[in-house]
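Examination of the molecular architecture
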Protein chains: 2
Amino acid sequence: MKLRNLVGQRFKERPADCVIDSHALMIRGGYMKGVGSGIFSEYPILRRVTRKIENIIREEMERIGGQEVMFPVVMPAQLWKESGRFESVGKELVRFKDRSDTDLVLGMTHEEAAVQLVREYGRSYQQYPFMIYQFQRKFRDEARPRAGMIRVREFTMKDAYSFHTSRKDLEEYYAKCLEAYRRIFRRVGIPQVEVVASDSGMMGGNVSHEFMLLTDAGEDSVVVCGSCDYRANLEAVDEPAACGRSAGAALEGVCPCCGSRSLSIRRGIEVGNIFQLGTKYTESMNMRYINESGAAEYPVMGCYGIGIGRLAASVCEARHDNRGPVWPISIAPWEVHLCCLRPDDGETREISDTLYQKLQSEGIEVIYDDRNKIQAGEMFADADLIGAPVRVIVSPRNTKDGVVEIVARDSAHMDNQMRKKVPVGRAFSEVCDLRRKLWSDGEMYDEGQRKNF
Amino acid sequence: MKLRNLVGQRFKERPADCVIDSHALMIRGGYMKGVGSGIFSEYPILRRVTRKIENIIREEMERIGGQEVMFPVVMPAQLWKESGRFESVGKELVRFKDRSDTDLVLGMTHEEAAVQLVREYGRSYQQYPFMIYQFQRKFRDEARPRAGMIRVREFTMKDAYSFHTSRKDLEEYYAKCLEAYRRIFRRVGIPQVEVVASDSGMMGGNVSHEFMLLTDAGEDSVVVCGSCDYRANLEAVDEPAACGRSAGAALEGVCPCCGSRSLSIRRGIEVGNIFQLGTKYTESMNMRYINESGAAEYPVMGCYGIGIGRLAASVCEARHDNRGPVWPISIAPWEVHLCCLRPDDGETREISDTLYQKLQSEGIEVIYDDRNKIQAGEMFADADLIGAPVRVIVSPRNTKDGVVEIVARDSAHMDNQMRKKVPVGRAFSEVCDLRRKLWSDGEMYDEGQRKNF
C-alpha cells in the first residue's frame, strides 16, 4: 500500500511519559494510541504485526493438535463461584451486574470457561487427551499499568487448555507445548527467550514455567546461574527446583542446581507462561470422566498463555536501534519499504512505480512512499519507524546512474554488503534474494509452513 | 482432521428451548454452548466457520481500501460522555467502575473510539477519505436474547468507519460499501439478502440500510412491494423513501415508490447494516480538519457493521434441511467429509486412509470419520450435522465393487448426478472436480481471491 494512505501519524519527539524504548518508538511510529489507563487502540501498522504473530501462534498450536475455540469475554459470576475464584481473586477481576441484577465478570483468564465447554464432551477416557485454544480479549484491572503494551489492562491473549487422564500424560504434553513455545519465540524473532521456573500464583498447580526475555526494560526479576542452566523467577526461588533440590538456597546466593555461587539477578519481560494445573479446576467444577475400569476420575489440566500485544512490544524492545524497531521479516508490517525520492522526476517515478507493481503482483508485501515534497531525511526517518527489513531507494541521482539502492534495515548490525546499488534491471531479483535470505537466516518459518519464494 | 478427535458432541434430540431451526441444529451439531443468558462459547467446528466468514469480510474490506485496526472492548465513560451517548443510550450499555472509581463502559459499538483514534491523524483534508475497520467483541445487555446466535448479548462484530470531507464523497463510498456487502453475502452463500431502508436509531444520521435475510425465523418486519424494488424496515416506513417520496403511505398499504397496493410484510434477520452518520460524532467530539482554503470543518462519517456469529447462524437458517446445515463450500467447516464404514476391514481402511492422506497433502480440508463400531446411520447423521458439501463413503461393499461413493450434501435439492459411485482409482480426481464445481457454481470466490485448484 501507499504510505500516504496509511492511517496513523509518525513524529520525532520522544513522548515524555514513555519509560521504555519500545513504548516510545511504537507511539512515535503510529502503532497505537492510549484510550484510557492501560487501554490502547491499535493502528493498522500494529494490527498487521499482531495478526502475523497470531498466525504463527495458530500454526504452532494446530501443529501440537490444538483446536481453536472461542470463549466469551463476559461470563456469569456463577462460573467463577464454582471454581472459588470469584472470592479468591482480588480487584483485578472486574465484577458487575447486568440489567436483571445477575452478577457478571470480565474474563481475565478462561480456565472456568474451558471446563464449562468440555464438561460433557470429556465424559469418557476415550476422548482424551485434547487441547483447545482461543485468541480473545482479556481485561485485568491492574493497579499499575505501565510501559506501553507491556503491562496493560486490556489485551488479546492466546490461551490454551489441555485435558489429560494422567499426570504423566500432562507432563508429556506440557513438554510438547514448551517446544511449541520455543518455536513461536524463534519464529517471531526472539530465540534468546529463556525458560524460567515460576510461581503458579492465582492459577494453582505446582509446576509452571515462564518464558522470559531478559532485558533491562523488564519488570520481573530472574535469578540466572552463570555455571548451569538454572533460571527462576525471583518470586519462585523458594519452590523446588527442576533439578529436584530445594531451591531456597538461591536466596543465599547458592545455585540450587549446581551449587555454584555464580547467581545473578537479571530483569526480564514475561512473554509467555505454561502451567500444570492438575485437578484444581476439574475438581472444584466437578468435571469427571469414566476411566477404562468404569470408575469416575477428575481430568488433569494444563494451561498455556501468550499475550499478543506484549509479545509485539517485546520483540520491538529486543530488536530496535535509536531510529526505530528492527522487525524480523516474519512479523514486520511489510517486507519491503520502497522510497521514491522526488517522485516529481518522471523517470525516477516510472522506475519505482514499475517496481512497486512488480513486487505487489508477486505477492511481496510492500509499503510505497511516493509522497511529494518530502525531504529524504524525513522519508528515511519514517521508514526507520516502520521498520521493514528491506528498503529500496529510487532517486534521481540513482536513476542517472541506472541503479537503485537496496538496504537491509539492520545493516547497522551487519557488514556493508547489506547496502548496495544494483542496476535497475536487477532490482526486483535482488530484492527477492535479500528477502529469501532474511526468511531463512532467521529460521522464520518451519517445514510445513515453507514460504513460497 | 479425524472426527474422533473433534472437541464437541453431537446428538439426535431437538433441544426443547430452541425456537428456530438453526439454533437447534447448531446445538445438536456441537457448534456452540450457552454460557449464560445470550452468551455462548464456540466449539472448534463453529470457530472454523466464523474464521472463514471473517476472512471473506476482511478481503472485501481491504478491497475497498479499508485498513484493519483494533479498538478496546472496555472504554473510559468519558469518551461516551463526549458524544452524549453515555446519557442517551439505555441499559444496553454496560457501565461499571474500575478499582480507582473511574467510570468505564463495555463497547457495544465503536464510533467514539474511531473518532478518538483518528482525531489527530485526520487534521488535513489531504488525508481523506479513509476507512478503518476491526473485528472485535461487543457486549450489549439486550433485554431479550433469543434464537441462539441470532440475538445474543456478546458477539464478534466487524465494524467499519469511514471519514470524508463531503457528503457527496461519503455517498460514493457508501455505495461502494453496499456493493462490498452484496459480495460478502454472495460469497458466504446467501445472495438472496435484500437491501432495505432502515431507521437509524441510536446511531444517528439520516440515511441507513439494513441487509435482510427474509425468513420466517426473523425477528424484524420488512415491508416488501410486489410491484417494484421498495423494501423498508417496518420501523422506518415513516421516513423518506429512497425514491424521494414520503414513505408514510406505506402505513396505509400503499407503496411510497410505485403507488401500488401490493405491499406485504415479511419477517427478516438483519445480517448487516450501513449508516451515513454525517457529522454527529465529529461535531460532538470536536474532530476537525483544515480544508483546502484553510478553514476548519467537521469530517462526515459512515459506519458499516456485520455480526459474525449471527451471519453464520443466518446462513444455517437459510441453508438447512431437517438433517442439518447445508454449508456452502466457502464457509463449511471442512470441504470434504470422508466416511470409512467398518475401518476394521483391512482393504476398506487402506483405501480411505490413502484418500485421506492424498486429500490432505493437496491442501483440501477434510474431516475423516474412521471410528470403529459406529453404525452407518449414526455416521451419516453426524456428517449431516457437520454439513460438509462433499461426502465420500468408503465401505466393504463398495470396496468389493472397486468403487467409492461421492455425494453432494445438498443432493436433496439437486439431480441424481450428485450421488455417484466411481472407481477407487478415480476417487481423488472426482472429489476435486466436485469441489471445483461447488466453488464456481456458487461464485464463492472473486477475482484476486481465486482458489488454487
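What this report covers is the structure whose coordinates are included nearby. Keep in mind the model is a prediction, meaning the values are calculated, not measured. (Residues numbered from 1 in each chain as written. Chains lettered and ligands numbered in written order. Predicted model: local features only at pLDDT ≥ 70, side-chain atom pairs only at ≥ 80, totals over all residues. Heavy atoms only, no water.)

**Let's talk about the pattern of salt bridges**
All names here are of chain A. One pass over the structure, following the stated rule, counts 96 salt bridges over all chains. Note that Lys138 and Asp159 form a salt bridge whose closest N and O atoms lie 2.9 Å from each other. Of this pair, Lys138 sits in strand S7 (residues 130-139) while Asp159 sits in strand S8 (residues 154-164), placing them 21 residues apart in sequence. With a relative accessible area of 1%, Lys138 lands in the buried category. Assessed through its relative accessible area of 3%, Asp159 is described here as buried. When the shortest N-O distance is used, the salt bridge between Glu194 and Arg231 registers 2.8 Å. With Glu194 in strand S9 (residues 194-197) and Arg231 in strand S12 (residues 231-233), this residue pair connects regions lying 37 residues apart in the sequence. Linked through salt bridges whose partners overlap, the residues forming this network are Lys2, Arg4, Arg349, Asp353 and Asp370. (Salt bridge = Lys/Arg side-chain N within 4 Å of Asp/Glu carboxyl O. Helix = DSSP H or I, 4+ residues; strand = E, 2+ residues; numbered from the N terminus. Buried < 20%, exposed > 50% of the residue type's maximum accessible area, 1.4 Å probe, protein only.)

**A word on the pairing of strand S22 (residues 403-408) of chain B**
On any regular strand, side chains alternate: one points to one face of the sheet, the next to the other face. Residues and elements named next belong to chain B. Within S22, 6 of the 6 residues are buried, which leaves it mostly tucked inside the rest of the structure. Here S22 shows no split at all, with Val403, Glu405 and Val407 on one side and Val404, Ile406 and Ala408 on the other all buried. Where strand S21 (residues 390-394) and S22 come together, 4 bridges link them in antiparallel fashion. Bridge assignment links Ile393 to a residue of S22, and that residue is Glu405. Bridging between S22 and strand S23 (residues 419-423) involves 5 bridges; their strand directions are antiparallel. Across the sheet, Val407 pairs through a bridge with Arg419, a residue of S23. (Pairing = 2+ DSSP bridges.)

**Regarding the packing of helix H2 (residues 44-63) of chain B against helix H6 (residues 167-187) of chain B**
All names here are of chain B. Direction vectors running N to C along H2 and H6 enclose 155°, while the axes themselves pass 10 Å from each other. Regarding the angle of H2 to H6, the classification is roughly antiparallel. For the pair H2 and H6, the sense of crossing is right-handed. Between H2 and H6, the contacting residues are Ile56, Ile57, Glu59, Glu60, Met61 and Arg63 on the first element and Ala180, Tyr181, Arg183, Ile184 and Arg187 on the second. (Axes fitted to C-alpha atoms, helices over the stretch in contact; angles between N-to-C directions. Parallel < 35°, antiparallel > 145°, perpendicular 65-115°, else oblique. Left-handed = near helix turned anticlockwise from the far one by under 90°. Contact = heavy atoms within 4.5 Å.)

**Some words on the interface of chain B and chain A**
Across the contact, 56 residues belong to chain B and 56 residues belong to chain A. When chain B packs against chain A, close to 4900 Å² is buried across both sides, 56% of that on carbon and sulfur atoms. Among the residues of chain B in contact with chain A, Met70(B), Arg99(B) and Tyr121(B) are the three that bury the most area, contributing 15% of the side total. Connecting chain B to chain A are 10 salt bridges. Here Glu68(B) and Arg47(A) are joined by a salt bridge, their closest N and O atoms 3.3 Å apart. For the pair chain B and chain A, the interface holds 26 residue pairs in polar contact (both at pLDDT 80 or more). Broken down by element, the side of chain B that touches chain A gets its largest block of residues, 5 residues, from strand S7 (residues 130-139) of chain B. A breakdown of the residues in the side of chain B that touches chain A according to their chemical character gives 28 nonpolar, 11 polar and 17 charged. (Buried area = accessible area lost by both parts, 1.4 Å probe. Polar contact = N/O pair within 3.5 Å; in protein donor to acceptor, adjacent residues only side chain to side chain. Nonpolar A, V, L, I, M, F, W, Y, C, P; charged D, E, K, R; others polar.)

**Quick word on the relation of the copies chain B and chain A**
Turning chain B through 180° and shifting it by 0.0 Å along the axis lays it on chain A, with an RMSD of 0.0 Å. Here the copies are linked by what is in effect a two-fold axis. Closest approach to the rotation axis among the C-alpha atoms of chain B is made by Phe96(B), whose C-alpha sits 3.2 Å away. A symmetric contact is evident, with 100% of the interface residues of chain B recurring at the interface of chain A. (Least-squares fit on C-alpha atoms with pLDDT ≥ 70 in both.)

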